[in-house]
Each structure stands twice: as C-alpha cells, then as structure tokens.
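# Descriptive structure summary
One letter stands for each residue in the lines below.
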Amino acid sequence: RNELSLDSGWTDVISSGSITRAGGVTTLGVTSGGLVRQHRATVCTPESPNIEIIGRFVVTSAIPPPTVWHTALMLADENINYGFMVLVFDNAGVGLYKGDGSGLTLQAATGANAVVFTGASWVRLVVTPSYASASYGLSASSTPPTSWTVAATAATTVATLAGGWLNRVQVRMGRTAAGSGTYTCEWRNVQARILGSAP
C-alpha cells in the first residue's frame with residue numbers, strides 16, 4: 001500500500017504550549033491563545049499529490065474543553081499559506097480548510113457531534129491533483145475505519161500545485177485566549193498512503 005506510519009522526521013512549532021512524542025503517540029498541549037503543530041516532509045510529490053493522510057485523536061483534558069479550540073491534520077507548506085486541512089472543532093464537527101497563498105479558509109463543515117473525543121474517531125484528508133476531501137470514521141483501535149463519511153470537498157488550485165507548496169504533512173492544535181489551564185489532545189496512528197499504489 002506504500003504506507004508510511006510517520007513515526008519520525010517531525011519538526012515542532014510551538015507558540016504557546018508543548019509537544020511530546022512517545023511510542024508513536026504525539027501529545028499536543030495548548031495554553032491560552034496557543035497554537036502548536038508538527039510538520040514533516042510529505043510522502044507525495046507536491047506538484048502532483050495523490051495522498052491519503054489519516055489519524056485517530058483522543059482529547060485527554062476536559063471533554064469537551066470549556067472554550068474554543070481545534071485539532072487538525074494538514075497537507076500544506078511550512079508556513080501554512082497554501083494547502084488543505086481537515087479540522088475537528090470544539091463542537092465535535094469536522095471541516096475542510098483550503099489555502100491558496102494567504103492562509104487557510106473554511107470551505108464547508110458538518111454540524112456538531114459528528115465525531116467523539118474519547119479515541120474512537122478518525123479523520124481523513126485526501127488530496128489529489130483535482131480535488132481535496134475531508135472525512136471522518138469510527139474505530140476504537142489502531143485499525144483504521146472500514147468506511148468514511150465525507151464532510152466536505154474542494155477543488156485543488158493549479159497555482160498551488162505549480163508552486164510545489166503541498167510539501168508538509170502537519171498535525172496541529174490551537175485555541176483562543178479564553179479559558180485557563182492546558183488543553184491536551186493525543187494523535188495516534190497517523191499515517192499516509194500514496195493512492196493508486198499496488199497493495
């Protein structure tokens with residue numbers, strides 16, 4: 001399947017919070033107004049991506065955290081001006097963001113309670129030369145879901161492909177300045193697969 005578990009090669013970017021990694025589990029912690037993320041080189045060609053990125057998340061602080069927060073998987077440039085992101089909102093909805101040079105903007109999203117925060121939900125980002133999609137699925141183990149529900153799709157922009165910007169797989173968590181304490185979320189079983197490869 002040309003699958004990569006993405007267990008190494010990450011670079012941490014921390015504005016306010018912490019990132020730890022042990023046993024293949026990445027723990028993201030954000031304090032008030034914080035944003036933390038990891039990025040690493042993608043397994044696909046940025047000019048012609050055909051990639052699936054999946055992962056399972058577990059909120060390990062209060063469920064749900066009391067003020068606005070998010071966690072996400074991305075395929076984007078290092079500075080997140082170009083790319084796509086499947087994002088889990090604090091209301092347990094799932095959305096797709098897209099960026100073509102000036103940051104990422106929401107394309108579409110589910111309603112509330114599409115996923116759960118206790119470790120049984122996965123999200124999936126697919127990016128091809130023509131479109132991107134954000135999906136979610138259910139599996140309480142390290143085995144990925146057998147079916148996915150599409151939350152949103154968006155067209156891939158030629159200029160983004162031509163610039164080679166889709167060069168980083170990223171995991172992230174952020175929150176607004178409201179609230180106190182640290183919100184934490186674990187990402188498990190993060191993996192990427194080049195679509196169309198022989199099994």
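The structure this text deals with has already been given above.
Reference entry: report on the structure contained in this document.

How each quantity is defined
Residues numbered from 1 in each chain as written. Predicted model: local features only at pLDDT ≥ 70, side-chain atom pairs only at ≥ 80, totals over all residues. Heavy atoms only, no water. Core = buried A, V, L, I, M, F, W, Y, C linked by side-chain atoms within 4.5 Å. Buried < 20%, exposed > 50% of the residue type's maximum accessible area, 1.4 Å probe, protein only. Helix = DSSP H or I, 4+ residues; strand = E, 2+ residues; numbered from the N terminus. Pairing = 2+ DSSP bridges. Axes fitted to C-alpha atoms, helices over the stretch in contact; angles between N-to-C directions. Salt bridge = Lys/Arg side-chain N within 4 Å of Asp/Glu carboxyl O.

Judged by nonpolar contacts, the single largest core of 42 residues is most densely connected at Leu75 and Trp187. Per-element accounting of this core gives the leading share, 6 residues, to strand β15 (residues 183-194). Core analysis: the next-biggest nonpolar cluster, separate from the first, contains 8 residues, Ala72, Met74, Ile80 and Leu104 among them.

As summarised here, the arrangement of the 7 strands in space is β2-β5-β14-β7-β8-β9-β10, forming an open sheet in which the pairing is antiparallel. Edge positions in the sheet fall to β2 (11-14) and β10 (104-109), since each has one partner strand and no second. Going from strand to strand, the sheet's axes swing by 20° on average, the running direction of each strand aside. The sheet contact formed by β2 and strand β5 (residues 35-41) spans 4 bridges and is antiparallel. Within β5, the position partnered with Ile14 by the bridge is Val36.

The next point concerns the pattern of salt bridges. Scanning the entire structure with this criterion turns up 5 salt bridges. With a shortest N-O distance of 3.1 Å, Arg193 and Glu52 are connected by a salt bridge. Of this pair, Arg193 sits in strand β15 while Glu52 sits in strand β6 (residues 51-59); the two residues are 141 residues apart in sequence, bridging distant segments of the chain. Exposure class is identical for Arg193 and Glu52. Each is buried. With a shortest N-O distance of 4.0 Å, Arg168 and Glu78 are connected by a salt bridge. Pair noted here: Arg168 is in strand β14 (residues 168-175) and Glu78 is in the loop between β7 (69-76) and β8 (82-89), with a separation of 90 residues, a long-range link. Judged by relative accessible area, Arg168 falls into the partly exposed class, the value being 22%. One network of salt bridges, with partners in common, ties together Glu52, Arg124 and Arg193.

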